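Here is what each chain is made of, one letter per residue.
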Amino acid sequence: MNLNNTVDIAGVHKVAGVDLAYWKEGRAEYAVCCIVVLDYHTHRIVEQTSYMDEINVPYIPGCLAFREIPLFQKAYGKLKNNPEVIFFDGNGYLHPRHMGLATHAGILLDAASVGIAKSYYKVGDADFSMPEQTEGAFTDIRVNGEIYGRALRTHAKVKPVFISVGNKIGLDTAVWMAMELTEKESHIPLPTRLADLMTHEERSVVIK
């Protein structure tokens, strides 16, 4: 894991958002991983891809990456564009072993990665302080004095999102990019928001 920032925002042209969705058919469990690549400056979709398969790894709290990494690798392998930064719907360093999906995948790809979670994943007994109600307000999430992530208010008076470093990017840079990629329609940054919407579309087609 590389916690040093290697991302020069001026050189970022493409970013990706990643999300997964699950469903059951009888006793079998399936999931789809969706990746949406965006132009960082225009926010236009450059490419979309997905991969779905049966899940045979049981759910174990804190070990979600072992269920999701195989599907992510298959989906990522289908991409024709290489994003400079990858945003995951989930956590990175904000994890009991500092090894959330964003970190795990970032290390495997040797790529800059960020975790953006919609809900707080509590590490030990550590809680977080709610940021002020203004756009861009944040509070650092500390566990035993160490910063694990950041609660970020992307719009005034909306629920915060929880940003944590995955790999090869600094927390300040990750937060800056998340704010730049958040549009008026939602408090969720666009890469993971679009990936989330795509998972619902893909899953609905299969379940029909």
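To be clear, the structure that these remarks concern was listed above.
We now turn to the structure provided with this report. (Residues numbered from 1 in each chain as written. Predicted model: local features only at pLDDT ≥ 70, side-chain atom pairs only at ≥ 80, totals over all residues. Heavy atoms only, no water.)

**Side note on the environment of Met52**
Position of Met52 among the secondary structure elements: in strand β3 (residues 45-54). Note: C-alpha distance between Met52 and Thr173 (121 residues apart in sequence) is 32 Å. Look past the residues within four positions of Met52 in its chain and what remains in contact with it is Trp23, Ala31, Val32, Leu71, Glu202 and Val206. (Helix = DSSP H or I, 4+ residues; strand = E, 2+ residues; numbered from the N terminus. Contact = heavy atoms within 4.5 Å.)

**A few points about the side chain of Thr182**
Its location among the elements puts Thr182 in the loop between α3 (171-180) and α4 (190-207). The class for Thr182 is buried, based on a relative accessible area of 12%. At 2.7 Å, the side chain of Thr182 and the backbone oxygen of Ala178 are in polar contact. (Buried < 20%, exposed > 50% of the residue type's maximum accessible area, 1.4 Å probe, protein only. Polar contact = N/O pair within 3.5 Å; in protein donor to acceptor, adjacent residues only side chain to side chain.)

**Remarks on the nonpolar core**
In terms of nonpolar packing, the biggest core is built from 31 residues, with Val15, Val85, Phe87, Val114, Ile163, Ile169 and Met177 touching the most fellow members. Those elements that place two or more of their residues in this core are β1 (14-25), β2 (28-39), β4 (85-89), β5 (112-117), β8 (161-167), α3 and α4. Among the elements that make up this core, the one with the highest residue count is α3 (5 residues). If near-sequence neighbours (up to four positions away) are discounted, Met177 is found in contact with Val7, Ile9, Val12, Val15, Tyr40, Val85, Phe87 and Ile169. Residues Ala65, Ile69, Leu71 and Tyr76 belong to the second largest nonpolar core, which totals 21 residues. (Core = buried A, V, L, I, M, F, W, Y, C linked by side-chain atoms within 4.5 Å.)

**Things to note about the side chain of Arg67**
Residue placement: Arg67 occurs in helix α1 (residues 65-76). The class of Arg67 is buried, set by a relative accessible area of 5%. Reaching out from Arg67, the side chain makes a polar contact with the backbone oxygen of Val57 at a distance of 2.6 Å. Look past the residues within four positions of Arg67 in its chain and what remains in contact with it is Tyr22, Glu29, Ile55, Val57, Pro58 and Tyr59.

Structural measurements only, silent on function.
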